Amino acid sequence: MSRMTNSKHYSTIVVGAGPAGIACAREAAKSGTVLIIERLPLPRHKSCGGMLNEYSQSFFAEEGIEIPADIVCEPRDIHFRYVGWDQKAFRGTNLHFVNVDRDSFDNWLITLLPENVEIWPETRFVGCKQNPEGITVQVRNANDPHAEVISLTCGYLVGCDGPRSEVRRQTPATKLALYKTLQDFVPITQPLEPYFDCLYTKKLGSEYGYGYVVPKGDVAIVGSVFYPGSKHVKELHEQAVDLFAEHYKFSTDAVAREAWVAVKVNTIDDISAGSGRILLAGEAAGIFSPSSGEGISFALNTGSRAGKAIASARETDTRIGKPYAPGESAALHLYADALEPIRSNVARRLLYFPFLDSHAAKIAGAIAPQALMNYVVHRI
Ligand SMILES: Cc1cc2nc3c(=O)[nH]c(=O)nc-3n(C[C@H](O)[C@H](O)[C@H](O)COP(=O)(O)OP(=O)(O)OC[C@H]3O[C@@H](n4cnc5c(N)ncnc54)[C@H](O)[C@@H]3O)c2cc1C
């Protein structure tokens, strides 16, 4: 990692060192120089349940990469369980997750980058200007709003900067709605069962989407997800922690609490591949599971597709002597095509979501036959 001076040119600049950014940089680096800029210090911290679903596990398996033991928490293997709290229904399923420490996971991803990728931590993307031949990107020290703005140039800019993407704002893409999340890390006095519990209760009112409890070694994460616009997030989260402590016997004296946001995909038009020489991946592209709240596999898969599109794009092959129209580029065309199966996957989940999110479905989840539960959780 090194800090370069003004006016340097890169084939690709990636904004964000999360799973989308790292997966993108790995692929884009196959055809040129890559710079990742990251607002946070590295190793970065991202609020997360640390549940690697089967798609995330397959992503690494297909690349021949083994998930190292030292980023995994106890218990390693976790299954999804739906909890209808008001009915006291605990419905385990065969949906499997690997339980990782998210900070260690993100730090490990960085070790997978090749030599020709530079990373500038604590550097913020502040703006860009694109023309048919390339992009000028402005960045500055993330900790000093008065720091000098540095201009860099690149062939492609990839926004992998998460749910509040600033790169997305440079494109005509829609403004994304955001869930609010709170997570407490609570000490556990007895081992919890190896489940990723997703809890629903009517008692906490209409702002409360759902809660989750997951064991992480000698603590548990107790999380709450609130619909966009919710006003009583802290009070309701604390009520949820108190309520669930009765069953799980964890201490309500949290050792840490974190507040974050996650994308709420409202329509399929929220998904955007980008515009011109700007590509978007992960949550910045509006890609997030509307039904399961999972985002790591989508970030890995979209980031890697964006990077592959850049590495294989040959601007001159298709340009036929003319510049691309504003809003187009060879890599964007390739990426938009590669994104189509993921768009369809999210579209299918969006179709189910109004029913899955209804009170009726949550009651049904408490009594549905086991085979149906297993089928549904693998589809959403
Ligand atoms: C509470 C919570 C729990 C979750 N639990 C799970 C889970 O168990 N399993 C799962 O699969 N998913 C989970 N998710 C979702 C998952 O964490 C995200 O979907 C995933 O991290 C998205 O990856 P990304 O690379 O798109 O963005 P991010 O991981 O958000 O990375 C974006 C990066 O861009 C940087 N950045 C932002 N703006 C700028 C800027 N202007 N300049 C430079 N850098 C910038 C940020 O600092 C950040 O590091 C959870 C989300 C939340 C909020």
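Reading guide: rules and limits
- Residues numbered from 1 in each chain as written.
- Predicted model: local features only at pLDDT ≥ 70, side-chain atom pairs only at ≥ 80, totals over all residues.
- Heavy atoms only, no water.
- Phe/Tyr/Trp six-rings, centres within 6.5 Å; stacked < 30°, edge-to-face > 60°.
- Helix = DSSP H or I, 4+ residues; strand = E, 2+ residues; numbered from the N terminus.
- Buried < 20%, exposed > 50% of the residue type's maximum accessible area, 1.4 Å probe, protein only.
- Pairing = 2+ DSSP bridges.
- Contact = heavy atoms within 4.5 Å.
- Axes fitted to C-alpha atoms, helices over the stretch in contact; angles between N-to-C directions.
- Expected span 1.5 Å × (residues − 1).
- 1 Å grid on protein atoms, 1.4 Å probe; cavity = no way out; pocket = protein on both sides within 12 Å on 5 of 7 lines; lining within 4 Å.
- Points joined across faces, edges and corners; volume = space filled by probe spheres on them.
- Domains from an automatic or database assignment.

Chemist: Just to check I follow, could you spell out the packing of aromatic side chains for this structure?
Modeler: To describe a pair of aromatic rings, one takes the distance between the centres and the angle between the planes. All chains considered together, the criterion is met by 12 aromatic pairs. Taken together, a centroid distance of 5.9 Å and an interplanar angle of 80 degrees make the contact between Phe-80 and Phe-196 edge-to-face. Separated by 116 residues along the polypeptide, Phe-80 in strand E4 (residues 72-84) and Phe-196 in strand E11 (residues 195-200) bring together distant segments of the chain. Like Phe-80, the residue Phe-196 is buried in the burial classification. Taken together, a centroid distance of 5.3 Å and an interplanar angle of 85 degrees make the contact between Phe-97 and Phe-196 edge-to-face. Here the residue Phe-97 occupies a position in strand E5 (residues 89-100), and Phe-196 occupies one in strand E11, the gap between them amounting to 99 residues. The exposure classification of Phe-97 matches that of Phe-196, with both residues buried. Among the aromatic side chains, those forming a connected cluster through ring pairs are Phe-80, Phe-97, Phe-196, Tyr-210 and Tyr-212.

Chemist: Help me understand the sheet that holds strand E10 (residues 177-187), please; the structure alone is not making it clear to me.
Modeler: The strands making up a sheet are joined through hydrogen bonds of the backbone, oriented either antiparallel or parallel. Pairing is mixed across the open sheet formed by 8 strands, whose spatial order is E3-E5-E4-E11-E12-E13-E10-E14. Looking along the sheet, the strands with just one partner apiece sit at the ends: strand E3 (51-52) and strand E14 (256-264). Bridging between E3 and E5 involves 2 bridges; their strand directions are antiparallel. Within E5, the position partnered with Met-51 by the bridge is Asn-99. In the packing of helix H2 (residues 54-62) onto the sheet, contacts are made with E3 and E5, and the angle to E5 comes to roughly 25 degrees. In this fold helix H8 (residues 359-367) packs onto E4, E5, E11 and strand E12 (208-216), with an angle of close to 95 degrees to the strand it touches most, E5.

Chemist: Any chance you could explain helix H4 (residues 233-248) here in plain terms?
Modeler: Residues three or four positions apart in an α-helix share a direction because the helix packs 3.6 residues into each turn. Under the 1.5 Å per step criterion, the end-to-end length of H4 is 22 Å for 16 residues, consistent within 8% with the ideal 22 Å. Within H4, the full set of buried residues consists of Val-233, Leu-236, His-237, Ala-240, Val-241, Leu-243, Phe-244, Ala-245 and Tyr-248. Directly after H4, the chain includes Lys-249, whose backbone phi takes a positive value near 60 degrees.

Chemist: Where do I start with empty space enclosed by the protein in this structure?
Modeler: Take a probe with the size of a water molecule and roll it over the atoms, and the empty space left behind shows itself. Under the definition given, this model contains 1 cavity of 30 Å³ or more. Taken as a whole, the largest cavity encloses approximately 70 Å³ of empty space. If you trace the largest cavity, you find it lined by Ile-22, Ala-23, Arg-26, Glu-27, Phe-59, Phe-60, Glu-63, Ile-65, Leu-109, Leu-112, Leu-300 and Ser-304. Put simply, the parts of the chain that give the lining of the largest cavity at least two residues each are helix H1 (19-28), H2 and helix H5 (296-312). Considering each element in turn, the lining of the largest cavity owes the most residues, 4 residues, to H1. Taken together, domain 1 (9-47 + 106-176 + 268-354) and domain 2 (60-101 + 177-265 + 362-379) each give at least three residues to the lining of the largest cavity, which thus spans both.

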